[in-house]
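This is what each chain is made of:
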Amino acid sequence: MDVIALDDPTDAQIRQWHAVLTAVHAADPAGEPAPEPDQTAARLLGAEPASRQRLWAVVDGGIVAVATLRLPGEPGADRPAEIDIKVRPGHRRRGLGGRLLAVAAEGLRADGRSSVIAQVLAGTPAVPFLESHGFECVLTLRGLLLRLDDVPAGRVAGLVAAGPQGYGLVRWRGVVPGEHAGALARAKHAMADLAEYEGAPWDAHRVREMAQVVAKRGDDLYTVAALHQGSIAGFTEVVVPLGATGRAAQYDTAVVPEHRGRRLGIWVKAAMLEWLAVERPEVREIETDNAGDNEHMLAVNAELGYRRERESLEFQAGAADLPGAGPRPR
Ligand SMILES: CC(C)(COP(=O)(O)OP(=O)(O)OC[C@H]1O[C@@H](n2cnc3c(N)ncnc32)[C@H](O)[C@@H]1OP(=O)(O)O)[C@@H](O)C(=O)NCCC(=O)NCCS
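Residues numbered from 1 in each chain as written. Predicted model: local features only at pLDDT ≥ 70, side-chain atom pairs only at ≥ 80, totals over all residues. Heavy atoms only, no water.

Trainee: Provide a residue-level description of the overall build of the protein, including the pertinent values.
Mentor: A count of helical and extended segments in the protein gives nine helices and 12 strands. By principal-axis analysis of the C-alpha atoms, the protein measures approximately 70 × 40 × 35 Å. Residue burial in the protein is summarised as follows: out of 330 residues, 50% are buried. When contacts within the protein are restricted to residue pairs at least 6 apart in sequence, those whose partners lie at least 24 apart make up 72%. Here the protein carries 37 positive and 44 negative side-chain charges, and the mean point of each set is 2 Å from the other. (Helix = DSSP H or I, 4+ residues; strand = E, 2+ residues; numbered from the N terminus. Buried < 20%, exposed > 50% of the residue type's maximum accessible area, 1.4 Å probe, protein only. Contact = heavy atoms within 4.5 Å. Lys, Arg positive; Asp, Glu negative; His and termini not counted. Charge placed at Lys NZ, Arg CZ, Asp CG, Glu CD.)

Below, the structure is given as structure tokens:
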């Protein structure tokens, strides 16, 4: 079995890659919607200068295992890369995951990165796999799901109407308008008090870059922000993926420290639900991950009607702690 790099994946390779994702999804207890072929193709072809990615696959007749290494920012950027490895259920425990990790570790070091993160489901083989390869768990994330059909009539409108005095709402689709870019970056910086964003400073450039990454995949990014004297005091983002799967994903929500405690978080989230109901009525569910110790956001989401679905863990490893590719086993 060979490990190959897919610098420029062919249609056939994309189809085989997708078949691996489908097989892994079928064995996955998380209950998430199955990946769509268009989504897989967009993600594999979606690398662009601001956020590069490298792809590898193990071939045994066809592709049986895949790895994606996302490299946000420029080479050598002081930001962790992200690794995702998937092995067909029938090919596990034969060292394929480990081989892909070793190749990706070389890619990580070649890009001048000092660390890599992986987000995995608690209670799955990914946990012992990562632990046996030098990764440590740095964050617990609660996966929550809001079923819009379960939200009582009038709750969203009531929350929107209860917005605090002195604040206004602004919203946009896609990349942030120029006049709000700097303020949005400052508001995103407010999230730096969460462990998951340590070492990843936000500026106007990165804010735009993140929106471009989403657009390049074919997904739609919606943002609602609360303004105070023309500047962003808090915001929330939702991404509606390519293809009408009915499930959208909550991205960042933050309120800058001096504006906390005024129910701005729940206000922008309720305004987002009101907007999506008109703009994207096909969205019936929204999923989100909250840090297990982020009591305020968990309380906001509980009040909106989010229910706990699963627990994810974020693992991190230093580039120096990861195995090298070494000699290929015969
Ligand atoms: C996690 C995953 C990639 C591991 O792939 P794999 O090819 O089976 O992994 P390897 O054969 O290289 O395993 C290497 C070591 O990891 C550990 N490990 C892997 N799976 C394990 C399991 N189910 N139980 C206990 N230990 C396990 C073992 O120490 C193993 O060595 P051993 O077989 O000599 O005991 C695979 O299970 C998978 O695709 N899971 C679903 C997708 C996923 O969660 N990916 C996230 C990973 S970033």
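Now that the structure is up, let's keep going.
Trainee: Residues and numbers for the environment of Glu274, please.
Mentor: Secondary-structure assignment places Glu274 in helix α8 (residues 264–279). In sequence terms Glu274 and Ala157 are 117 residues apart; their C-alpha atoms lie 7.3 Å from each other. If we ignore the near neighbours within four places in the chain, the residues touching Glu274 are Val156, Ala157 and Val160.

Trainee: A description of the packing of aromatic side chains should follow, citing residues and the corresponding values.
Mentor: In this structure the tally under the stated criterion is one aromatic pair. With centroids separated by 5.2 Å and ring planes inclined at 85°, the aromatic side chains of Tyr222 and Trp275 adopt a geometry described as edge-to-face. Pair noted here: Tyr222 is in strand β8 (residues 220–228) and Trp275 is in helix α8, with a separation of 53 residues, a long-range link. Residue class for Tyr222 comes out buried when judged on its relative accessible area of 0%. On the basis of relative accessible area, Trp275 is assigned to the buried category, the value being 8%. Lys188 extends its terminal NZ or CZ atom over the ring of Trp202, reaching a point 4.4 Å from the ring centre. Between Arg206 and the ring centre of Trp202, over which it is positioned, the NZ or CZ distance is 3.7 Å. (Phe/Tyr/Trp six-rings, centres within 6.5 Å; stacked < 30°, edge-to-face > 60°. Lys NZ or Arg CZ within 6 Å of the ring centre and 35° of its normal.)

Trainee: Now, about the site of the ligand: what can you tell me, with residues and values included?
Mentor: As a matter of local geometry, the ligand sits amid 18 residues, with Ile85, Val87, Gly95, Gly97 and Gly98 nearest to it. Here an oxygen atom of the ligand sits 3.5 Å away from a polar atom, N or O, in the side chain of Arg92. Take Gly98: an N or O atom from its main chain is 2.8 Å from an oxygen atom of the ligand. A total of 920 Å² of accessible area belongs to the ligand in isolation, and the protein chains cover 74% of it. Looking at the shell around the ligand, the elements with two or more residues in it are β4 (81–87), α3 (96–110) and α4 (126–131). A breakdown of the residues in the shell around the ligand according to their chemical character gives nine nonpolar, five polar and four charged. (Near = heavy atom within 4 Å. Polar contact = N/O pair within 3.5 Å; in protein donor to acceptor, adjacent residues only side chain to side chain. Areas by Shrake-Rupley, 256 points an atom, 1.4 Å probe, with all protein chains shown as cover. Nonpolar A, V, L, I, M, F, W, Y, C, P; charged D, E, K, R; others polar.)

Trainee: I'd like a rundown of the side chain of His91, residues and numbers included.
Mentor: Relative to the helices and strands, His91 is located in the loop between β4 and α3. The class of His91 is buried, set by a relative accessible area of 16%. Every residue in contact with His91, bar those within four places of it in the chain, is listed here: Asp60, Val64 and Leu96.

Trainee: Any chance you could break down the pairing of strand β3 (residues 62–72) for me, citing the residues and the numbers?
Mentor: Of all 11 residues that make up β3, nine are buried, and the element is covered over most of its length. One ladder, built from six bridges, connects β3 with β4; its direction is antiparallel. Note on β4: the bridge partner recorded for Thr68 is Asp84. (Pairing = 2+ DSSP bridges.)

Trainee: Quick one: what's the story with helix α1 (residues 11–26), residue by residue and with numbers?
Mentor: Along an α-helix, residues three or four apart share an orientation, since each turn contains 3.6 residues. Spanning 16 residues, α1 covers 23 Å between terminal C-alpha atoms, matching the ideal 22 Å at 1.5 Å per step. Among all positions in α1, only Ile14, Trp17, His18, Val20, Leu21, Ala23 and Val24 are buried. (Expected span 1.5 Å × (residues − 1).)

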